[in-house]
Amino acid sequence: MMTTRKLRRASQWVVFLLFAFLFLNTEYKDNDVLPYAVNIFLRLDPLVAGAATLAGRALIGLVWPALVVALLTVALGRFFCGWFCPLGAVIDAADATVFRKTRRKGAVPASWRRYKYLILVFLAASSLFTLQWVFLFDPISILIRTFTVSVFPALNLVIHRIFDGLYRSPGPIPAFSEPVYGFLKSHFLAFEQPVFRTSAIVGLLFLGILAMERHQRRFWCRNLCPLGGLLALVGRFGLFRRRITEAGCTRCGLCESDCRMSAIGGDVAVTDHGECIECMDCQAICPEEVIHFSGTEGRKPAAVDLTRRGVLASAALGAFTVPFFRVEAHGKAPDPLLIRPPGALPEGEFLARCTRCGECMRVCIANGLQPTWFEAGIEGMWSPILVSRIGYCEYNCTLCGQVCPTGAIRRLPLPEKRKTRLGLAYVDRSRCLPWAGQSDCIVCEEHCPTWSKAIVFREERTQTARGEWRMFKKPYIVEDLCVGCGICETKCPLADRAAVLVTSRGETRSTGVLAK
Amino acid sequence: MEIAFAGAYHVVMTPDGCPFSRRRFLQAAGGAAGAFAASALFAPLLQAAIGKTVDVGVSSAASPAERARRAVALVGGMKSFVSRGDVVVLKPNIGWDRTPEQAANTDPEFVVAVAEMCLAAGAGSVRVFDRTCNDARRCYVNSGIKDAVEQFARKNRVEDALRIYHVEDRKFVRTSIPNALSLKEWDLYRDALEADKIVNVPIAKHHSLAGITLGLKNMMGIMGGNRGQIHYRLPECLVDLHRRVPVALTVIDAGRVLVRNGPSGGNLADVKPFGKAFASRDVVAADGIAAEKIFRLAPRDVEHIGRAMASGLGISSVGQIRLVEG
């Protein structure tokens, strides 16, 4: 009876490879329109769909595939976690390699598994009051964000360092290494080395999730993952479930001790269908071959005790803390450097929908979209911000709106995008070379992409630092033409702080209010 | 083919000469026929006194490809610049995320025609690249140059010999420039440093700092690092760059010319049809003539061309130019 377990493992591999493929193709590939839904994993995620819909107070057409997963879960139980979840696959892979020989001491209390439900309650309650925290816990969001911001850039760096070394090495080595490098470059590596704020901490948090495997298999999935909790609730009455032909069972307990989710409890014939992720290991290892997965009803499960106190506390925490965040001063005076991607909804709706998955940062062609720390408050952490000193918004590019899974960034047609203003540039006249009478420079003007230039020159006499009067071409910003793309700030040759900078003033979406 | 000695230039080209009075003097002196006659008579003598002459080919053929071919033929054909087996770097302008119609990048047909000539002259390999200002992928695609070059290579089964590729950071080599006026040291692209011949294929256009951008400025595409910084002393830096990496042939695309809001432009109203190509082994001569013919600017008044003339990079006066039209 090895076949179903093999099938499950194959499914995990296929899904993970698909995930990796879509991740790698969340990139400009000589085509203005991405040819397929690279964001499909997020759109399949009922937790993301639920939170964005609830907090955003809107029916979001993009997330309809999540409904399919929810319905399938009703029918099949929590198969998603065992068969489909790419984070689950990574965790299982870590388990099968790094933690293969780990002897786990000190059992994690079984009661901890209720935390995932309590987190879910907390998320639901806060989402109901427009504050969306789902980004902190959603496994798909975590995985894509981590790959985008940490894993992929780091991997890219390491591979580049290796092949750069080989490239510079003497003798025939480059002749062998370069074809390999060329292949990697065209299929896997980034076009240019991406860099991200918060990359180290995002990477460490992810390692933390994996490190918990040291204490318990699928620690994250059992105890913390609110998507797992949601699917458990939806799937606990699933028709497809584990069943034992009790007549042949010797009560050897192998299935119970081997279960990665501890879903078999007390009596080996009793399965907690909320916890069982249908990995089918028990079926594969049962020496008597009496375990089956089928549509037939087995023995009733023992319910997880969420405790009334726990549920109330979580709901209260979710709901009653919302006002504290709503009276943070940035609601009244937002950070002037908080420049959102083109097509971003008004700030309140934007944060309600944005799941911080990092898709927009991954696809941003100039690496300009970065995760925030606290520019948008604590609740805005890891949401996208255009940091023009790192990279600018490419005038003819609409990719971020194409990959956003919840419509927090609207998909804009190119003509509309070109008119969408992210902010406005201003010239720091005390530092700008011609303004300060230092030297000629036209770099901001030459890069300005609007067809009628939003940066123009006026030739004016200025006294240089040495006291001579000279003509300089001084840049002026034409505010009704500037779209705030930030290329001037990116390219300004002053190496540290640019002399032409963009702030969010005049942004197209701006309404100046947070969520109602 | 019509050969005109541009003798009129050195008649009026005095060190303190002002371009406008020079032009007016020229016109007053009897127009084109008179100038032609005068130059035909006196030019050889004067040229002998000043120094050797340099040919600049000017073609007005109908298509970009034909213009490129004619212009190069007028200065002796590609075989006089590229030898059998040469590794050639062909450097077009692919700097901007703009379409060919917007005339911020060299016309793709023009680029392909020059590449084809290099291969026909026996070049072992032709390498096409530019360090772009917008995202490199977008520039390569939307300029039409990547597609045109790759399609030509595929169709003619010369994929190995003719390649267009992106610039990689690791291939920039810190290069010192002896006796530099300003650019003592910079990261330059290894392929350009190691090439046997460099064929410079700029598009002529307006430039907000340099006034105009032609062959001299186009070679900034082999520079790494923060290029914005050399704008502080652009003319000197360009001279230094060309001293270190001399160009074998410059072929200027002046089919469509961006006359305002360069170098990136975007607005089709700023693009004027001009229908010419210029070619010369001397980048300063090519730029000088192009400045005059396209933009009605006296070369010495374009600061970086004037500086290049004064520094002995190429011709030191337009009087040395022999215009070959066809």
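Residues numbered from 1 in each chain as written. Chains lettered and ligands numbered in written order. Predicted model: local features only at pLDDT ≥ 70, side-chain atom pairs only at ≥ 80, totals over all residues. Heavy atoms only, no water.

J.: Looking at this structure, how should I read the overall build of chain A?
T.: Helices and strands together make up the secondary structure of chain A, namely 22 helices and 8 strands. The principal-axis extents of the C-alpha atoms in chain A amount to approximately 100 × 65 × 40 Å. Evaluated residue by residue, chain A yields a buried proportion of 57% over its 516 residues. A fraction of 76% describes how many contacts in chain A between residues 6 or more apart in sequence connect residues 24 or more apart. About 22,600 Å² of surface is accessible on chain A, with carbon and sulfur atoms providing 65% of the total. Separation between the mean location of the 62 positive side-chain charges and that of the 44 negative ones in chain A comes to 3 Å. (Helix = DSSP H or I, 4+ residues; strand = E, 2+ residues; numbered from the N terminus. Buried < 20%, exposed > 50% of the residue type's maximum accessible area, 1.4 Å probe, protein only. Contact = heavy atoms within 4.5 Å. Areas by Shrake-Rupley, 256 points an atom, 1.4 Å probe, with all protein chains shown as cover. Lys, Arg positive; Asp, Glu negative; His and termini not counted. Charge placed at Lys NZ, Arg CZ, Asp CG, Glu CD.)

J.: Hey, could you run me through the nonpolar core in this one?
T.: All names here are of chain A. In terms of nonpolar packing, the biggest core is built from 124 residues, with Trp-220, Ile-291, Phe-350 and Val-500 touching the most fellow members. Looking at this core element by element, the count peaks at 7 residues for helix α8 (residues 139-168). The contact partners of Ile-291, leaving out residues within four places of it in the chain, are Arg-242, Arg-243, Ile-244, Cys-255, Cys-282, Gln-283 and Cys-286. (Core = buried A, V, L, I, M, F, W, Y, C linked by side-chain atoms within 4.5 Å.)

J.: Help me out: how do you make sense of the interface of chain B and chain A in this one?
T.: By a widely used convention, the size of an interface equals the accessible area lost when the partners come together. Contact residues are listed per partner, giving 33 residues for chain B and 39 residues for chain A. Both sides together, the interface formed by chain B and chain A hides about 3,000 Å², and carbon and sulfur atoms give 46% of it. Among the residues of chain B in contact with chain A, Arg137(B), Arg138(B) and Arg170(B) are the three that bury the most area, contributing 28% of the side total. On inspection of chain B and its partner chain A, the count reaches 5 salt bridges. In this structure, Arg170(B) engages Glu178(A) in a salt bridge whose closest nitrogen and oxygen atoms are separated by 2.5 Å. Viewed at the interface, chain A and chain B are joined by 21 residue pairs in polar contact (both at pLDDT 80 or more). It is helix α6 (residues 136-142) of chain B that provides the largest number of residues to the side of chain B that touches chain A, a total of 4 residues. Partitioning the side of chain B that touches chain A into residue classes produces 7 nonpolar, 15 polar and 11 charged. (Buried area = accessible area lost by both parts, 1.4 Å probe. Salt bridge = Lys/Arg side-chain N within 4 Å of Asp/Glu carboxyl O. Polar contact = N/O pair within 3.5 Å; in protein donor to acceptor, adjacent residues only side chain to side chain. Nonpolar A, V, L, I, M, F, W, Y, C, P; charged D, E, K, R; others polar.)

J.: Sorry if this is basic, but what is going on with the pattern of salt bridges here?
T.: Once their charged atoms are close, side chains differing in charge can pair, the charge on each being opposite to the other. Counted according to the given criterion, the structure contains 43 salt bridges over all chains. A salt bridge links Lys146(B) to Asp30(A); its shortest N-O distance comes to 2.7 Å. Placement of Lys146(B) in helix α7 (residues 145-155) and of Asp30(A) in the loop between α1 (3-24) and α2 (40-43) is noted, with the two residues assigned to different chains. Residue classification places Lys146(B) among the buried residues on the basis of a relative accessible area of 18%. Judged by its relative accessible area of 32%, Asp30(A) is partly exposed. Residues Arg174(B) and Glu185(B) are paired through a salt bridge, measuring 3.7 Å at the closest nitrogen-oxygen approach. Linking Arg174(B) in strand β6 (residues 172-176) with Glu185(B) in strand β7 (residues 185-189), this pair joins segments that are 11 residues apart in sequence.

J.: Can you help me understand helix α12 (residues 226-235) of chain A in this one?
T.: All names here are of chain A. Counting buried positions over the 10 residues of α12 gives 7, a clear majority of the element. When α12 is considered as a whole, its buried residues turn out to be Pro-226, Leu-227, Gly-228, Gly-229, Leu-231, Ala-232 and Gly-235. For α12, the elements touching its buried residues are α3 (46-56), α4 (64-76), α5 (79-84), α7 (114-128), α8 and α11 (219-224).

J.: Just to check I follow, could you spell out helix α4 (residues 64-74) of chain B for this structure?
T.: Helical geometry note: an α-helix holds 3.6 residues per turn, so side chains three or four residues apart project in the same direction. All names here are of chain B. Of the residues making up α4, those classed as buried are Pro-64, Ala-65, Arg-67, Ala-68, Ala-71, Val-72 and Leu-74. The secondary structure elements touched by the buried residues of α4 are β2 (54-59), α5 (108-120), β11 (249-258), β12 (271-280) and β13 (321-325). Directly beyond the C-terminal end of α4, a positive phi value near 110 degrees is found at Gly-76.

J.: Is there a simple way to think about the confidence of the model for chain A in this case?
T.: Keep in mind that low pLDDT regions are not for reading the predicted coordinates in detail. Mean pLDDT over chain A stands at 92; residues scoring 70 or higher make up 97%. Counted against residues more than four places away or in other chains, residues 511-516 of chain A, with its pLDDT under 50, gives 11 contacts. (pLDDT = per-residue confidence, 0-100.)

J.: Where do I start with the packing of aromatic side chains in this structure?
T.: Considering all chains together, one arrives at 22 aromatic pairs over all chains under this definition. Ring geometry for Phe183(A) against Phe188(A): centres 6.2 Å apart, planes inclined by 65 degrees, an arrangement best described as edge-to-face. Looking at Phe188(A), the relative accessible area reads 39%, which means it is partly exposed. One aromatic cluster in this structure is built from Phe16(A), Phe19(A), Phe23(A), Phe41(A), Phe80(A), Phe84(A), Phe147(A) and Phe152(A). Its guanidinium or amino end placed over the ring of Tyr167(A), Arg170(B) lies 4.1 Å from that ring's centre, counting from NZ or CZ. (Phe/Tyr/Trp six-rings, centres within 6.5 Å; stacked < 30°, edge-to-face > 60°. Lys NZ or Arg CZ within 6 Å of the ring centre and 35° of its normal.)

J.: Got a minute to help me understand the confidence of the model for chain B in this structure?
T.: All names here are of chain B. Per-residue pLDDT for chain B averages 87, and the proportion of residues at 70 or more is 84%. Note on residues 1-36: pLDDT under 50 across the span, and 51 contacts to partners over four residues away in sequence or across chains. As a predicted assembly, this complex carries a pTM of 0.89 together with an ipTM value of 0.89.

J.: What's the story with the packing of helix α6 (residues 86-97) of chain A against helix α10 (residues 199-211) of chain A in this structure? I'm lost.
T.: Two numbers describe a pair of packed helices, the interaxial angle and the distance between the axes. All names here are of chain A. Look at α6 against α10: their axes get within 10 Å of each other, and the N-to-C directions meet at 60 degrees. Viewed along their axes, α6 and α10 form a crossing whose handedness is right-handed. The segment α6 lies against α10, with Leu-87, Val-90, Ile-91 and Ala-94 engaging Phe-206, Ile-209 and Leu-210. In the contact of α6 with α10, the residues fall into 7 nonpolar, no polar and no charged. (Axes fitted to C-alpha atoms, helices over the stretch in contact; angles between N-to-C directions. Left-handed = near helix turned anticlockwise from the far one by under 90°.)

J.: Would you take a moment to explain the packing of α7(A) against α12(A) for this structure?
T.: All names here are of chain A. Where α7 meets α12, the closest approach of the two axes is 8 Å, and the angle between their N-to-C directions is 95 degrees. In terms of their interaxial angle, α7 and α12 are classed as roughly perpendicular. Contacts from Lys-116, Tyr-117, Ile-119, Leu-120 and Leu-123 of α7 reach α12 at Pro-226, Gly-228, Gly-229, Leu-230, Ala-232 and Leu-233. In terms of residue class, the contact of α7 with α12 is made up of 8 nonpolar, 2 polar and 1 charged. (Parallel < 35°, antiparallel > 145°, perpendicular 65-115°, else oblique.)

J.: What exactly am I supposed to notice about the side chain of Asn223(A) here?
T.: Residues and elements named next belong to chain A. Relative to the assigned elements, Asn-223 resides in helix α11. Overall, the relative accessible area of 2% leaves Asn-223 in the buried class. Contacts of Asn-223, omitting those with residues within four sequence positions, involve Val-108, Trp-112, Arg-113, Tyr-115, Lys-116 and Gln-216.

J.: Looking at this structure, I do not really get the state of the cysteines. What am I missing?
T.: Here is the idea: a disulfide is a covalent bond, and it sits between the sulfur atoms of two cysteines. Residues and elements named next belong to chain A. Summed over all chains, the structure comprises 0 disulfides over all chains. Of the cysteine sulfurs around Cys-81, a residue in no disulfide, the closest is that of Cys-225, at 6.4 Å. For Cys-81, a relative accessible area of 7% puts it in the buried group. Its sulfur unpaired, Cys-279 is 6.1 Å from the next cysteine sulfur, which belongs to Cys-259. (Disulfide = S-S within 2.5 Å.)

J.: Help me out: how do you make sense of a nonpolar patch on the surface in this one?
T.: There is a patch of nonpolar side chains on the surface, built from Ile201(A), Leu204(A), Leu205(A), Leu207(A), Trp373(A), Phe374(A) and Ile378(A) and spanning about 670 Å² of accessible area. Within the secondary structure layout, Trp373(A) lies in the loop between β3 (369-371) and β4 (384-386). (Patch = residues over 30% accessible without salt bridge, like charges linked within 9 Å, V, L, I, M, F, W, Y side chains within 5 Å.)

J.: What's the story with the pairing of β7(B) in this structure? I'm lost.
T.: Every other side chain in a regular strand lies on the same face of the sheet, so the side chains alternate between the two faces. Residue and element names in this part refer to chain B. Burial analysis of β7 places 4 of its 5 residues in the buried class, which makes it a mostly covered element. Taken together, the 5 bridges between β6 and β7 define a ladder with antiparallel strand orientation. Bridging from a neighbouring strand, Thr-175 pairs with Trp-186 of β7. (Pairing = 2+ DSSP bridges.)

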